[in-house]
Amino acid sequence: MQQDPAIPVVDWPVFHSWSPADGDFDGTVFLFDQDGLPVAETRWNLPTDVAADEALERLEWVRAESWHIDDRGRRVAAVVPLEPNRPVVLPAQGTSGR
């Protein structure tokens, strides 16, 4: 999932027309498992699908379908490990001070 974390969590979709020329863009690509649980995340430096793909590759994953808008207005895509025959080792969950 592609998301700009600078937008606070709200009960309605929030959209912003980012362009690659925007110097203050600071997005994140999130990786979720099939149950919707968070697995990993990484910085997403430019608001483009190409940059989102590069972010996925840093996590050693690649898209299995086109980016599309889900029912919550987020850009999402199914992903598979870069090396499908290699065992998938998921990053350890971080601990929160909450």
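The coordinates are above.
Since this is a predicted model, take the numbers as computed values, not measurements. (Residues numbered from 1 in each chain as written. Predicted model: local features only at pLDDT ≥ 70, side-chain atom pairs only at ≥ 80, totals over all residues. Heavy atoms only, no water.)

Attention shifts here to the overall build of the protein chain. Check the secondary structure of the protein chain and you find 1 helix and 7 strands. Secondary structure elements of the protein chain occur, N-terminal to C-terminal, as β-β-β-α-β-β-β-β. Looking at the protein chain as a whole, 26% of its 98 residues qualify as buried. Here the protein chain has roughly 7200 Å² of accessible surface; of this, 53% comes from carbon and sulfur atoms. (Helix = DSSP H or I, 4+ residues; strand = E, 2+ residues; numbered from the N terminus. Buried < 20%, exposed > 50% of the residue type's maximum accessible area, 1.4 Å probe, protein only. Areas by Shrake-Rupley, 256 points an atom, 1.4 Å probe, with all protein chains shown as cover.)

Attention now moves to the side chain of Asp53. Note that Asp53 resides in helix H1 (residues 49-58). Non-local contacts of Asp53, meaning those with residues more than four positions away in its chain, are made with Arg63 and Trp67. (Contact = heavy atoms within 4.5 Å.)

Looking at H1, one finds that the buried residues are Ala51, Ala52, Asp53, Ala55 and Leu56. Once H1 finishes, Glu60 follows within two positions and takes phi at roughly 70 degrees, a positive value.

Moving on to the pairing of strand E3 (residues 38-44). As judged from the 6 bridges shared by strand E2 (residues 27-32) and E3, these two strands associate in the antiparallel manner. Pairing of Gly27 across the sheet is with Trp44, part of E3. The hairpin turn running from E2 into E3, its antiparallel successor, is 5 residues long, and Gly36 in that turn takes a positive phi close to 85 degrees. (Pairing = 2+ DSSP bridges.)

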